[in-house]
Structures are given as structure tokens and as C-alpha cells.
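For reference, the chains in residue letters:
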Amino acid sequence: MQVIYLPQSLDARSSYGVHAFRSHFARPVVFVPRRPRLPLLSVKAAKDPSGPKVAIAGISGAVGQEFIRVLTERNFPYSEIKMLASSRSAGKEVEFDGETYVIEELTEDSFDGVDISLFSAGGSISKKFAPIAAAKGCFVVDNSSAFRMADGVPLVIPEVNPEAMADYKLGKKKGGIIANPNCSTIIALMAVTPIHRAVGVKRMIASTYQAASGAGALAMAELEQQTRDVLNNDPVTMNIFSWQYAFNLFSHNSPMTENGYNEEEMKMVKETAKIWGTDAVSIAATCIRVPVMRAHAESINLTLCSELDEQDAKAILSKAPGISIIDDRANNRFPTPLDASNKDDVFVGRIRQDISQPGKSGLEIFVCGDQIKKGAALNAVQIAELIL
């Protein structure tokens, strides 16, 4: 009888109208819900007159919409909330926590009296408005790349380096900007950091298989439309990408840099160094866009500072917060993007020694995580919880 540990929240009936988790096992399998984990912070009930005043900048986008779902799921406390977007979306309505809110145009006056603002409106908007909000005493959690590598701006994954924002507390510090890392960095470091803490990582090679959601709601819609086009033998709609996405994959669409790596790949390199606080780890990445809706997958190869047995690695990962293991060799059952879609946890499997490296100095893992959720909105809300 094989035992597979799954997050308590796993619902096999959900995820884009198909079964997110199907059994393909040759022999009986027991699915054991993972023991509930303590939250990073004990959070009170949602709407509370004593709660902070919150704003969401970029509410009309995919991550903006995910913000309000995560705030509801985690019962994030607030006394008031503003929904902000560009003039194109101003006047539209948003349902949140049983109430209807009218989207306001984002302006320099939007943050008067606001305590915490979640930003996912693009780098140029963040560069203009985040400093204005911070100067008014607002804590900005920014999902763009605008401030990730800026000196003095914490770059935070709450399960990995919460100490980086230890001084960013309501009542202790008057405003500031905290950066949300890139989605691929978050998903990778959720899995690799527990290993790094245990034995040290000398070198990390990541190959990513990234979902449409990373390019925004319009890219998700285009993937869906292109799939219809191809199946109906119609001309393929190409408004977001310059090539067919459905039934295809391609090098990540971010701009290329002079060293032959694209910007997405270099984000993983630079952000990992900042989050871990060291340049001593050699890192390289290859990032690929694949026709998956919202969860990224990553194949990660590690060279370790000290030897680590694969069973010990699995034990370390099974105890790590925010990680679930799907690693059933007998039935060839490992994480998939559908397993991770709409889930909080990052899923890890294919945990094995790298046979190309001597002894037990190398490790291979395969990781899947929801790009919109843990890769963006959930991580940002967890940061906001640390501010409380």
C-alpha cells in the first residue's frame, strides 16, 4: 500500500472544470491529508474596525483578482479597502467579502490614509506610485520587478527570509516598500531553501516550464482561444505572442540580455542571491513558456556542499512549510501543474540522487507551483500578514 501525502486543501474535483487529481495507480493508494500547519501569523476575522486600511492597485488583472480571493481565504483583517486600476477600468464593479466596490482610478491621492497596498499593476506604474504611497506612510507590497534589486528594499518569501522585513511593522515603521520575488524564484526557493539550510547548495541549475498566467490574463485568454482555433482548423489568433502558443512551447518571451540569457532567467539568478544573502552559489536557468494555464513546473539540479541521501532530502522537504510531496516511483506519479493549480503549497517530487555527480553530492527534484497564487498573490498577502 503506497502512501502519498497531500495538502489538506486538495480538492480533486476542482481546477478548470476537470479533475485536478486523477488516480492512475496499478495498486491501492492511501491519500493522507498533511497535518494542518500553523499560519505564519495568527490573523483575526476579516472586516474589523480596528484593522488596517487596504488598497489593491491593479485589481482588474489576473493577480489583482487573485489578491481578493486570497484575502478572503485567509480572513485578512481590514477596516476599509480600495480597488484601484487604470482609467480604463475605473467605474467597473468588483465583489469582495459580500460587498460591491466601484473601481477607482489610480492617482497620487489614492493612498491618503491607506496602511497597506498590494501592487500588481506593472513595473512602470509601481515605479511611479509605490514611492508616493510609501511617503504617505503606506506599506507597499509590490509584485512587479521595479524594486526587487533595489538597495534597502526587502525581497521576501515569508517561509524563506521573513527576517529581511523584520522592521516593517504597523506602528513600528512608517511606510515602505517590500518586493515580491519573481514567480519562478519563489517556486524554486520554496523547495530548494530547506536543502540549502540543511547541507548547503553550491550550484543550482533550473529549467522552468512556465504557464500562460505568468504573461497575464490576456495571455491566458489567448491560449484558450488558440486551442479552439487549432482544433477547429481556423486561423490562429496571435495578439499577445508573435507565434503559436497552443500545442507548442518556446523560449520565455522576456527580452534577451547580452550574455545570452533572457531577463526571466537572470531574475532567478539575481533574486536568489539577494534572498539567500550570498553570491557564493552558482546559478543558471533556462526558462520556457509551455501551454499550461496557471501553474509553473521546474526541473532543478543541485550540487551540494555536503553529501545528502535522497531519503534524507525527502524527509527534510516533507517537514518544510508550504511544501507537499508527490513522489511515487512505483506508479510513476509525480507533481503536475494541475496538482498545483489553485493550491497554496508547492509540490515536490522526482527526488533522486544526481548520478552524474560523485557520491551523494548531487540531487535532482521536480517542482510545481501555482504561478498566480504562491508565485504572486499568496506570497504578497503573506508578506502583508507579517506587516500586521
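Residues numbered from 1 in each chain as written. Predicted model: local features only at pLDDT ≥ 70, side-chain atom pairs only at ≥ 80, totals over all residues. Heavy atoms only, no water.

A. Spotlight on unusual backbone geometry. The backbone of Phe247 shows a phi angle near 60 degrees, a positive value even though the residue is not glycine. For Phe247, the location among the structural elements is in the loop between α4 (217-231) and β12 (250-251). A residue is classified by how much of its surface remains accessible, and Phe247, at 55% relative accessible area, is exposed. In this structure, Asn342 is a non-glycine residue whose phi angle is positive, near 65 degrees. By relative accessible area, which is 31% here, Asn342 ends up partly exposed. (Helix = DSSP H or I, 4+ residues; strand = E, 2+ residues; numbered from the N terminus. Buried < 20%, exposed > 50% of the residue type's maximum accessible area, 1.4 Å probe, protein only.)

B. Structural view of the sheet that holds strand β17 (residues 362-370). The seven strands lie next to each other as β12-β13-β11-β14-β17-β16-β15, forming an open sheet whose pairing is mixed. Looking at which strands have only one partner, the edges of the open sheet turn out to be β12 and β15 (323-325). Here helix α5 (residues 263-276) sits on the sheet in contact with β11 (201-210), β13 (282-289) and β14 (295-304), set at roughly 140 degrees to β13. Contacting β15, β16 (346-353) and β17, helix α6 (residues 310-318) runs over the sheet at an angle of about 165 degrees to β16. (Pairing = 2+ DSSP bridges. Contact = heavy atoms within 4.5 Å. Axes fitted to C-alpha atoms, helices over the stretch in contact; angles between N-to-C directions.)

C. A look at the sheet that holds strand β8 (residues 116-119). In spatial order, the strands read β7-β4-β3-β8-β9-β10; together these six strands make up an open sheet with parallel pairing. Every interior strand has two partners, whereas the edge strands, β7 (104-105) and β10 (176-179), have only one. As paired strands, strand β4 (residues 80-85) and β7 are joined by two bridges and run parallel to one another. Bridging across to β7, Leu84 finds its partner in Glu104.

D. Looking closely at the packing of helix α3 (residues 183-199) against α5. Two numbers describe how α3 lies on α5: the axes approach to 10 Å, and their chain directions differ by 45 degrees. In terms of their interaxial angle, α3 and α5 are classed as oblique. Classified by chirality, the crossing of α5 by α3 is right-handed. On the side of α3, the interface is formed by Cys183, Ser184, Thr185, Ala188, Leu189, Val192, Thr193 and His196, while α5 contributes Glu264, Lys267, Met268, Glu271, Thr272, Ile275 and Trp276. Along the lines of polarity and charge, the residues of the contact of α3 with α5 split into seven nonpolar, five polar and three charged. (Parallel < 35°, antiparallel > 145°, perpendicular 65-115°, else oblique. Left-handed = near helix turned anticlockwise from the far one by under 90°. Nonpolar A, V, L, I, M, F, W, Y, C, P; charged D, E, K, R; others polar.)

E. The packing of α3 against helix α8 (residues 373-387), seen in detail. Orientation of α3 relative to α8, taken along the N-to-C sense of each, is 90 degrees, at an axis distance of 8 Å. Taken together, the axis directions place α3 and α8 in an arrangement best described as roughly perpendicular. Every residue of α8 that contacts α3 at Cys183, Ile186 and Met190 is listed here: Lys374, Gly375 and Asn379. Looking at side-chain class alone, the contact of α3 with α8 contains three nonpolar, two polar and one charged residues.

F. Layout of the pattern of salt bridges. Across all of its chains, the model carries 20 salt bridges by this definition. Glu66 is paired through a salt bridge with Arg294; the nearest N and O atoms lie 3.3 Å apart. Here Glu66, found in helix α1 (residues 62-73), pairs with Arg294, found in the loop between β13 and β14; they are 228 residues apart in sequence, far enough to count as distant. Of the residues examined, Arg294 reaches a relative accessible area of 5% and is grouped as buried. A salt bridge links Glu224 to Arg228; the shortest N-O distance between them is 2.7 Å. Residue Glu224 and its partner Arg228 are both found in helix α4; the two are separated by four residues, about one turn of the helix. Since its relative accessible area comes to 40%, Glu224 is described here as partly exposed. The exposure class assigned to Arg228 is partly exposed, which follows from its relative accessible area of 41%. Here the residues in one salt-bridge network are Glu66, Arg69, Arg294 and Asp370, joined through shared partners. (Salt bridge = Lys/Arg side-chain N within 4 Å of Asp/Glu carboxyl O.)

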